[in-house]
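Summary of the model geometry
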Amino acid sequence: MSQNKTFDLLDTLIVIAKHKLFIVGVVLTSTILALIIALTWPKTYQSTSEVIQTRESVGSLGSLLENFGSLSSGQNKIGGETILVILNSESLRLSIIEEFELNKVYGTEIKERLLKILSGSIYIEASREGGFGFNPIVSVKIAVEDEKPQRAQAINSFVIDQLKEKMEGLNKETSMESLTILEKRLAQNLTDLENSEKKLKEFQNTYGLIQLDSQLELIVENLADIKAEIIQREVEMNYLRENLTSNSNQLKKLEAEKKALEMQYQKLISKSEDFEIKNDGFYPLQEFPDLMYSYYILRRDVEIQNKIYQILIPQLEQQRLYLQNQGSGIKLIDEPELPTYKHSPKRAYIVIGGFASSLLIALVLVFIREARIDEDSEIAKKLEEFKHQITRLK
């Protein structure tokens, strides 16, 4: 080509025609090589399954008892994020390696190598509820790839079994923590109730029976209700402190509610200038006669402990039933399937990719060869300009 000749499409076609045998040879060789690779690449099969998290309480009994208190920690299953933690845990993968002797399958005894190969064969995909922000998990899909379809299905089934076992263990552990908290609080309540009843009985034996008027009866009932609410908040807070951080919004809410209830409780039992008959119809308790006031205090303590007992017993029984009926909290909606068709390799993609990449490489080599033959040609100048643009810093 002459130095002044314009480099256009026709010149490109001429260069290609000039080196057609070289191009055909490169493309044909590469395509055949890609075809050989596609045909000899080991087949892998994929077995899939899918699980969802269940949210039901203990049969119909949960709904019957839920009005006795709001301690929901034992009724709720472990969160969906825990499913992902278990499925991606190293302990689960080591169990798979040991169960199926994958060290022999993968040909290595190095733990890190085994874990890396296995992690590339297991795929976990979580589906979440729609909307903005961090949404809860709806379902989790599990896919396992292996050269043998039966082993892919067996590994998938093993993963599901391990997931159920670990989830059931965590749910039972959580329920036991709630049960222990309730049992401790009930034991304290029974001791306090026994002491309160004993003091009231001794007072009555000494001074005889005293009849409270309607106003004091109303105060006693209100105080008992408020104190029971305070104890209920304390039980819930004790559980949350063991399972959540101190910055939890739920814990802060309970602390604020408990503080408000305590202020209301103290208002009823202490003398205050703001506590007048014109405001709420109650006199400060210290304004009553001493004997009546002493009897009221003893009666109040008994009523409060009785009210706490009435709240704790249904919650305790509910928690025991829940523990007995505890499960994994997950449900299998798609059983691990036995794959009947290979998942990889995608042979057509390999061959097409080999053909396209070899054609591109062949054309680049042709133009480079043409530029070296005639350094003054338009091709050489344009390649030099291209090289300059690529290598310059700015």
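A short tour of the structure in this document, coming up.

About the cut-offs
Residues numbered from 1 in each chain as written. Predicted model: local features only at pLDDT ≥ 70, side-chain atom pairs only at ≥ 80, totals over all residues. Heavy atoms only, no water. Patch = residues over 30% accessible without salt bridge, like charges linked within 9 Å, V, L, I, M, F, W, Y side chains within 5 Å. Areas by Shrake-Rupley, 256 points an atom, 1.4 Å probe, with all protein chains shown as cover. Salt bridge = Lys/Arg side-chain N within 4 Å of Asp/Glu carboxyl O. Buried < 20%, exposed > 50% of the residue type's maximum accessible area, 1.4 Å probe, protein only. Helix = DSSP H or I, 4+ residues; strand = E, 2+ residues; numbered from the N terminus. Lys, Arg positive; Asp, Glu negative; His and termini not counted. Contact = heavy atoms within 4.5 Å. Axes fitted to C-alpha atoms, helices over the stretch in contact; angles between N-to-C directions. Parallel < 35°, antiparallel > 145°, perpendicular 65-115°, else oblique. Left-handed = near helix turned anticlockwise from the far one by under 90°. Core = buried A, V, L, I, M, F, W, Y, C linked by side-chain atoms within 4.5 Å.

Attention now moves to a nonpolar patch on the surface. On the surface, a cluster of nonpolar side chains totalling about 420 Å² of accessible area is made up of Leu-360, Ile-361, Val-364, Leu-365 and Ile-368. Relative accessible area serves as the criterion here: at 36%, Leu-365 is assigned to the partly exposed category.

Turning next to the side chain of Arg-185. With respect to the helices, strands and loops of the structure, Arg-185 is situated in helix H8 (residues 149–207). In this structure, Arg-185 is buried with no salt-bridge partner, the nearest side chain bearing the opposite charge being Glu-234 at 4.5 Å. Filtering out sequence-adjacent residues up to four positions away, Arg-185 remains in contact with Ile-231, Val-235, Ile-308 and Leu-312.

Once that is clear, we can look at the pattern of salt bridges. Applying the stated criterion across every chain, the model contains 14 salt bridges. Across the pair Lys-104 and Glu-101 runs a salt bridge, and its minimum N-O distance is 3.7 Å. Judged by its relative accessible area of 62%, Lys-104 is exposed. Among the residues examined, Glu-101 registers a relative accessible area of 42% and is labelled partly exposed.

This part is about the packing of helix H5 (residues 90–100) against H8. Taken N-terminus to C-terminus, the directions of H5 and H8 make an angle of 135 degrees; their axes are 11 Å apart at the nearest point. Taken together, the axes of H5 and H8 are oblique relative to one another. For the pair H5 and H8, the crossing hand works out as right-handed. Across the interface between the two elements, Ser-91, Leu-92, Ser-95, Ile-96, Glu-99 and Phe-100 from H5 touch Arg-151, Ala-154, Ile-155, Phe-158, Val-159, Gln-162 and Lys-166 from H8.

Okay, the nonpolar core next. By size, the foremost hydrophobic cluster in this structure holds 26 residues, and its most contacted members are Leu-87, Ile-96, Val-140 and Leu-163. Contributions of two or more residues to this core are made by helix H4 (80–87), H5, helix H6 (102–106), helix H7 (111–119), strand S3 (137–146), H8 and strand S4 (330–334). The biggest single contributor to this core is H8, with six residues.

Here Glu-101, not a glycine, exhibits a phi torsion of approximately 50 degrees, which is positive. For Glu-101, the location among the structural elements is in the loop between H5 and H6.

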